[in-house]
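Here's the letter readout for the chains.
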Amino acid sequence: MAPIDRSFSRRRFLGGSAIAITASALGTPFVRTARAQAATFKAGVITSLSGENILGGNLTKQGYDLWADAINAKGGVEVAGDRFKVEMFYGDDQSSPATGADAAERLIVQSGVDVLFGPYTSGSTIAVQPICQKYQVPMISGSAESPNVWKAKPEFNFGIIPAVDTTSGLSLGVLAKLSKPAAKTVAVISVNEPFSKETGEGFRGGAKAAGLEVVTYELVPPEGDLTPVISKIAALNPDVIAVGGHEEVLLNVVKTSKSLNYRPKALIMHYGITNPAFAQALGADADGTTGVVVWLPTVSYKDDVFGTAKDFAQMAQKKLGGEPDYTAAACAASGLVLGDALKRLGKKPALTPENRVALKDAIAETDIQTFYGPIKFEKEGPHYHDNIQPVPVLVQIQGGKTVAVGPKEAAAADYIYPLPAWK
């Protein structure tokens, strides 16, 4: 028996049911399938449902699904006085950009999706962009944060989260102001892949602006023993370690540091600590770790679909069993962008190729307030089609919970600095 292709599956949101089937049941590859009897908007999701980035991939999928569930519970997207439900189709990039591009093409050609929701990683997002351009299908990316995504000036891709060069660098400035005695030196660790590398560059650039001396910049592979790198940094004894990388690398930095009985005064990671799996994996060792977010359930934003940020968080908690982080929130907000653009476009399903191009133009004109915050896409410059409106907040794990610690006007607790020695 031939192996089942698990890189592509479908979930239909009709009548509250969820049905998953494999690509083999959808007909011959690259042949457009017939529309469902009830007119629906078809959305494709490309993300990491397997491989090393599965934790983050699940966050993006959960966020997109939260929107689909919420809007379908209201009868669907409103267009010209009628409502149309949303069908969600999934493509697994298997944590590989090339696989992501293939999956995107299948979703567009075989399933005939009207729009794509973007991958978890920036590498896969960059790989999918040419597919969107080739087939003239818009994509809304709720996770990609590398500035390289937007420097390419993608005509059909739009980002919800500000690029890391605008957030990671600013975060060191906030940290420097909170630390007493004042932090003076920083070591930067960056994984050699697009998102992580750009995060590291953001930290390095932000250190200079914050008046911090960069004592070393370490570019490391995604996998491998970090003992030599952490040993080198321990000998330099910087006040701060800043890490650019996804969850597994962040976990390894903490575990390796503890194994060497080395505790920096501050450990900051751009992404990861708001994912509940991070604190669960480390237990008490996660305490003291600092991160950067652009959304928290305590922000004062709201919209007509999810209500307030707190309402969204409670809904997510009930459905997912844990508090959502800013990636899941941004992915849910991606659906709000789509719903707003479809309403303004005024075209009912199924969308023609010309309508999909017009949908791209409608998305480009987005200017809305959501539970996630303001969303408006840049029309020129190095952050073309990225939403750089949200303001970053510094958070720290304290007693197993993630709390805001800076800037002062957003703080819910005092910043713990320097960190105590390992127990």
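Residues numbered from 1 in each chain as written. Predicted model: local features only at pLDDT ≥ 70, side-chain atom pairs only at ≥ 80, totals over all residues. Heavy atoms only, no water.

- An unreviewed UniProt entry annotates the protein as ABC transporter substrate-binding protein of Mesorhizobium album.
- Regarding the protein, the relevant UniProt record gives this comment under Sequence similarities (unreviewed entry): "Belongs to the leucine-binding protein family." (UniProt positions renumbered as here; feature names shortened; annotations may be inferred.)

1. Observations regarding the overall build of the protein
Stage number 1. On a plain count of helices and strands, the protein comes out with twelve helices and 20 strands.
Stage number 2. Each of the three principal axes of the protein carries a C-alpha extent, and together these read 65 × 50 × 40 Å.
Stage number 3. Every one of the 423 residues in the protein was classed for burial, and the buried ones make up 56%.
Stage number 4. Pairs at least 24 residues apart make up 69% of the contacts formed inside the protein by residues separated by at least 6 positions.
Stage number 5. When the accessible surface of the protein is summed, it comes to about 16,700 Å², and 53% of that surface belongs to carbon and sulfur atoms.
Stage number 6. Distance between charge centroids for the protein: 3 Å, based on 41 positive and 42 negative side chains. (Helix = DSSP H or I, 4+ residues; strand = E, 2+ residues; numbered from the N terminus. Buried < 20%, exposed > 50% of the residue type's maximum accessible area, 1.4 Å probe, protein only. Contact = heavy atoms within 4.5 Å. Areas by Shrake-Rupley, 256 points an atom, 1.4 Å probe, with all protein chains shown as cover. Lys, Arg positive; Asp, Glu negative; His and termini not counted. Charge placed at Lys NZ, Arg CZ, Asp CG, Glu CD.)

2. A short note on the nonpolar core
Stage number 1. The biggest cluster of nonpolar side chains holds 79 residues, and the ones touching the most others in it are Trp67, Phe278, Phe371 and Tyr372.
Stage number 2. Top contributing element to this core by residue count: helix α11 (residues 326-345), with twelve residues.
Stage number 3. Apart from residues lying up to four places away in sequence, Trp67 is in contact with Val77, Val86, Phe117, Phe306, Ala332, Gly335, Leu336, Leu338 and Gly339.
Stage number 4. Counting residues in hydrophobic clusters, the runner-up holds 19 residues, among them Ala183, Ala207, Ile268 and Leu394. (Core = buried A, V, L, I, M, F, W, Y, C linked by side-chain atoms within 4.5 Å.)

3. Observations concerning the confidence of the model for the protein
Stage number 1. Across the protein, the average pLDDT comes to 88, with 91% of residues at or above 70.
Stage number 2. Here residues 1-36 scores under 50 on pLDDT; set against residues more than four positions off or in separate chains, the count is 86 contacts. (pLDDT = per-residue confidence, 0-100.)

4. Details of the packing of helix α1 (residues 54-73) against helix α10 (residues 309-320)
Stage number 1. Where α1 contacts α10, the two axes come as close as 11 Å, and the packing angle between them is 105°. The pairing of α1 with α10 is recorded here as roughly perpendicular in orientation. Contacts between α1 and α10 involve Gln62, Leu66 and Asp69 from the former and Phe312, Met315, Ala316, Lys319 and Leu320 from the latter.
Stage number 2. Of the residues that constitute the contact of α1 with α10, the class distribution is five nonpolar, one polar and two charged. (Axes fitted to C-alpha atoms, helices over the stretch in contact; angles between N-to-C directions. Parallel < 35°, antiparallel > 145°, perpendicular 65-115°, else oblique. Nonpolar A, V, L, I, M, F, W, Y, C, P; charged D, E, K, R; others polar.)

5. Observations concerning the pattern of salt bridges
Think of it this way: side chains of opposite charge can pair up when their charged atoms draw near.
Stage number 1. Throughout the structure, instances matching the rule amount to 14 salt bridges.
Stage number 2. Put simply, Asp65 and Lys61 hold a salt bridge, and the shortest N to O gap is 2.8 Å. Of this pair, Asp65 and Lys61 both sit in helix α1, four residues apart, roughly one helical turn.
Stage number 3. A salt bridge links Lys343 to Glu78; its shortest N-O distance comes to 3.7 Å. (Salt bridge = Lys/Arg side-chain N within 4 Å of Asp/Glu carboxyl O.)

6. Some words on unusual backbone geometry
Stage number 1. In this model, Gly406 is joined to Pro407 through a cis peptide bond whose omega is 0°.
Stage number 2. By secondary structure assignment, the location of Pro407 is in the segment after β20 (401-406).
Stage number 3. Going from Tyr417 to Pro418, the amide bond is cis rather than trans, its omega being -5°.
Stage number 4. Relative to the assigned elements, Pro418 resides in the segment after β20.
Stage number 5. Phi angles above zero are rare outside glycine, and Ala80 is one such case at about 50°.
Stage number 6. With respect to the element layout, Ala80 can be found in the loop between β4 (77-79) and β5 (82-84).
Stage number 7. Note on Ala80: relative accessible area 56%, which makes it exposed.

7. Topic: the side chain of Ser168
Stage number 1. In this fold, Ser168 is placed in helix α5 (residues 164-178).
Stage number 2. Taking the relative accessible area as the measure of exposure, Ser168 reaches 0% and is therefore buried.
Stage number 3. Among the polar contacts listed, one links the side chain of Ser168 to the backbone oxygen of Val164, at a separation of 2.7 Å. (Polar contact = N/O pair within 3.5 Å; in protein donor to acceptor, adjacent residues only side chain to side chain.)

8. Digging into the pairing of strand β18 (residues 373-376)
Stage number 1. Bridging between strand β17 (residues 367-370) and β18 involves four bridges; their strand directions are antiparallel. Across the sheet, Asp367 pairs through a bridge with Lys376, a residue of β18. (Pairing = 2+ DSSP bridges.)

9. A look at the environment of Pro418
Stage number 1. The class for Pro418 is partly exposed, based on a relative accessible area of 40%.
Stage number 2. Between the alpha carbons of Pro418 and Ala341 there is a distance of 47 Å; along the sequence they are 77 residues apart.
Stage number 3. Excluding its chain neighbours within four sequence positions, the residues that come into contact with Pro418 are Lys180 and Lys265.

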